[in-house]
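Observations on the model geometry
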Amino acid sequence: MERLKITLTNTDYRQCVALCLKGNSHASTINRAQVLLALHNGVDISEVMRVLRVKRTRLWRLRKQYLQGGLNDALADRRRRS
């Protein structure tokens, strides 16, 4: 299937790994960090969706947030406008 590749900076990569290993953040923040790491590693979209239980639109939004605003923007817990 399709791959949605992004390239995390070394600092962002280390921050995401640290978030996942420590496990002392909100589950949604850890999940976003896991998604970013998977996209960085070139994991297939269907595999990311299945294992991390996220929808395709969430993958696209998270990728866009990272590319436009950086890691802090992508990991922020913001609610969508209705």
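Reference entry: report on the structure contained in this document.

A few words now on helix α1 (residues 10–22). In this model α1 runs 18 Å from its N-terminal to its C-terminal C-alpha over 13 residues, within 8% of the 18 Å that 1.5 Å per residue would give. Residues of α1 that are buried include every one of Asp12, Cys16 and Leu19, and no others. The buried residues of α1 occupy an angular sector of 60° when projected down its axis, which confines them to one face. Of the exposed residues in α1, those oriented more than 90 degrees away from the buried face are Asn10, Arg14, Leu21 and Lys22. In this structure, the buried side of α1 is in contact with α2 (27–40), α4 (56–69) and α5 (71–75). One or two residues past the end of α1 sits Gly23, with phi positive at roughly 70°.

Before going further, it helps to spend a moment on the environment of Ile30. Mapped onto the fold, Ile30 is located in helix α2. When sequence neighbours within four positions are dropped, the list of residues in contact with Ile30 reads Leu19, Cys20, Gly23 and Ser25.

Before going further, it helps to examine the side chain of Thr29. For Thr29, the location among the structural elements is in helix α2. Residues contacting Thr29, with those up to four places away along its chain left out, are Leu19 and Leu75.

Attention shifts here to the pattern of salt bridges. Applying the stated rule across the entire model yields one salt bridge. Ionic pairing is found between Glu47 and Arg50, a salt bridge with its closest N-O pair at 2.8 Å. Of this pair, Glu47 and Arg50 both sit in helix α3 (residues 45–52), three residues apart, roughly one helical turn. The partly exposed category is assigned to Glu47, whose relative accessible area is 34%.

Another point: the environment of Asn24. Along the chain, Asn24 falls in the loop between α1 and α2. Distance in space between the C-alpha atoms of Asn24 and Ser46 is 28 Å, their sequence separation being 22 residues.

What follows is about α2. Here α2 contains 14 residues, and its C-alpha end-to-end distance of 20 Å stays within 8% of the 20 Å for a straight helix at 1.5 Å per residue. The element α2 is extensively covered by neighbouring structure, given that ten of its 14 residues are classed as buried. Looking only at α2, the buried set comprises Thr29, Ile30, Arg32, Ala33, Val35, Leu36, Leu37, Ala38, Leu39 and His40. Next to the buried residues of α2 lie α1, α3, α4 and α5.

Rules used throughout
- Residues numbered from 1 in each chain as written.
- Predicted model: local features only at pLDDT ≥ 70, side-chain atom pairs only at ≥ 80, totals over all residues.
- Heavy atoms only, no water.
- Helix = DSSP H or I, 4+ residues; strand = E, 2+ residues; numbered from the N terminus.
- Expected span 1.5 Å × (residues − 1).
- Buried < 20%, exposed > 50% of the residue type's maximum accessible area, 1.4 Å probe, protein only.
- Arc of directions from axis to C-beta.
- Contact = heavy atoms within 4.5 Å.
- Salt bridge = Lys/Arg side-chain N within 4 Å of Asp/Glu carboxyl O.

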